[in-house]
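# Geometric and topological summary
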Amino acid sequence: ALERADAAPSPRARASPRATTTGRRFATAARDDGDDDDRARATTARTTGTPSYAFASAMSRATSLEDAVRACARDVARGLGRGRDATWAQLFVCGDYDEDAVARAGKLTRELLGGTSVSLVGAVVRGGVGAEGMTESGVALTAAAMPGTTTATFRATKSALPAIDDGSACSWVDLAKSCENEGETVGVTVFADASFEHVGELLTRLHVAMPNSVALGGVVDEGSLMFLNDDVVRRGAVALLIRGEFELDTHVAHGARPVGPVMSLTHAHDNAVLELDDSPAHPLLLETLEQLPENSKSLPVMLGLGVSGSKGPFVCRDILSVGETGGVEVASMALQEGDVVQLHVRDGNWAKEHANRVIEKCADSAKKVSSEELGSENSTGAMIFACGNGNRMHASNFRERVPGTPLGGAFLRSEIAPLAKGRASNVLSHTSTIGIYRKRKKSVSM
């Protein structure tokens, strides 16, 4: 059951000075009575005119969770601009905070950002991304003002699509009809508990119901609290859906390099790969490893699984065990005979080069703003969800290459994203996934 908790009032935090960073002006908020670890920094690029959309992200390491939430909410509201109400927010808490305080964090955040009109999701995570940094102890908050869009939220406890929360501005019928409206997108942010076995099926059902949907998010550690508006959730999945005339470009930086031939999965049972190309899987994979260059043989090995008839991209899974019959068991994955399989190795140097190319694509994506948003630096926003044990420089690299675009996000157990445009999202491993939000350009008729 969802748990509700009331938030206790607290004195309003004091205003803070502005600072100049990388040639652009950002609002940098700091409590007058705090040290460096108690500062809340918000990426709130100044705007020219009044953009249609506005995004802002903030971070605080205040030792009091309530102080951290208040500082982040204050800075995010400032970043969105005077008179702009948040449409949605994503809240991430990490570190050793009292559980009762965590249970009140979502409700307090909504109260500070505008109340029940703000749809909120988030979770307790391994690390948060906000403003111009990341933290493993504190709060990261991202919010967006996206006028003209509608939002809905839900909690899932099984693979079937659940009821939309009461008070949402759209229903499943509205969301399904959105695919009939040219130019409309449904952006989905979803977080799932590690014990929730149906997340893959849920993502597939979402895409079937809404082929124009794009789902991003991740899997949190088992038992971690997840935020859904004023409530906290311990099991299952929570999701925020945004419907409107916007674009959500997704980019995935993989941490594993494909090696060896692409093979066909000819026999599988549950999550065990039994035969590849009609031969026992384990001996065939060993033969492939033996043929690799020496500098690849010592790297951790994963199994990449792709869609039938394709040559990638692949969803990578750790190899858990080898069976007596030559089968290979992989971490939870719905296996389909006829799909393609390829070995992957976790190669840090390759992953760094690949990430640089992905971030270049992000920079190009962030530049594709509509004419009414030209000159408005924070009219495009981004979210990053990355492997908790992966390269944590990707967020910094993004900010360096895409200055002026507020970035928020979290480090999680696993990531959720589509591997190709138009495809359903998957639970990924050892990746960094980035979503770029911007208003859709209107076509000009001649």
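Residues numbered from 1 in each chain as written. Predicted model: local features only at pLDDT ≥ 70, side-chain atom pairs only at ≥ 80, totals over all residues. Heavy atoms only, no water.

### Focus on the environment of D98
Put simply, the test is: Helical segments are the DSSP runs of H or I of at least four residues, strand segments are the runs of E of at least two, and each set is numbered from the N terminus.
Here D98 is to be found in the loop between β6 (88-94) and α2 (99-113). As a C-alpha pair, D98 and L65 span 33 residues in sequence and 8.3 Å in three-dimensional space.

### Overview of the pattern of salt bridges
Opposite charge on two side chains allows them to pair when their charged atoms are near. Stated precisely, the cut-off is as follows: What counts as a salt bridge is simple: a side-chain nitrogen of Lys or Arg found within 4 Å of a carboxyl oxygen of Asp or Glu. Under the scheme applied here, a residue whose accessible area is under 20% of the maximum for its type counts as buried, over 50% as exposed, and between as partly exposed, the area being computed with a 1.4 Å probe on protein chains only.
One pass over the full model with this rule turns up 17 salt bridges. Across the pair D318 and R346 runs a salt bridge, and its minimum N-O distance is 3.7 Å. With D318 in strand β22 (residues 315-322) and R346 in strand β24 (residues 340-346), the pair connects residues that are 28 residues apart, well separated along the chain. A relative accessible area of 30% places D318 in the partly exposed class. A relative accessible area of 29% means that R346 is categorised as partly exposed. Between R401 and E360 there is a salt bridge whose closest N-O contact spans 2.7 Å. Taken together, the residues R401 in helix α8 (residues 394-401) and E360 in helix α7 (residues 348-366) connect sequence positions 41 residues apart. When salt bridges that share partners are traced, they join K107, R110, E111 and D230 into one network.

### So, the packing of aromatic side chains
Filter applied, for reference: Pairing of aromatic side chains requires ring centres within 6.5 Å, counting the rings of Phe and Tyr and the six-membered ring of Trp. Pairs whose planes differ by under 30 degrees are stacked, by over 60 edge-to-face, and all others tilted.
Scanning all chains against the criterion turns up nine aromatic pairs. Aromatic side chains F55 and Y437 sit 6.2 Å apart centroid to centroid with 40 degrees between the ring planes, which places their arrangement in the tilted category. Taken together, the residues F55 in strand β5 (residues 54-60) and Y437 in strand β29 (residues 431-439) connect sequence positions 382 residues apart. With a relative accessible area of 1%, Y437 lands in the buried category. Ring pairs connect the aromatic residues Y53, F55, W88, F246 and Y437, which therefore count as one cluster.

### Points about the sheet that holds strand β26 (residues 407-412)
The following threshold applies: The rule for pairing is simple: two strands pair if DSSP sees at least two bridges between them. Inter-axis angles, ranging from 0 to 180 degrees, are taken between N-to-C directions of lines fitted to C-alpha atoms, where helices are fitted over the stretch in contact.
A sheet is described by the order of its strands in space; here six strands give the open sequence β9-β8-β26-β25-β29-β17, paired in mixed fashion. Every other strand in the sheet has two partners, leaving β9 (133-135) and β17 (246-254) as the edge strands with one partner each. Averaged over all neighbouring strand pairs, the angle between strand axes comes to 15 degrees, with direction disregarded.

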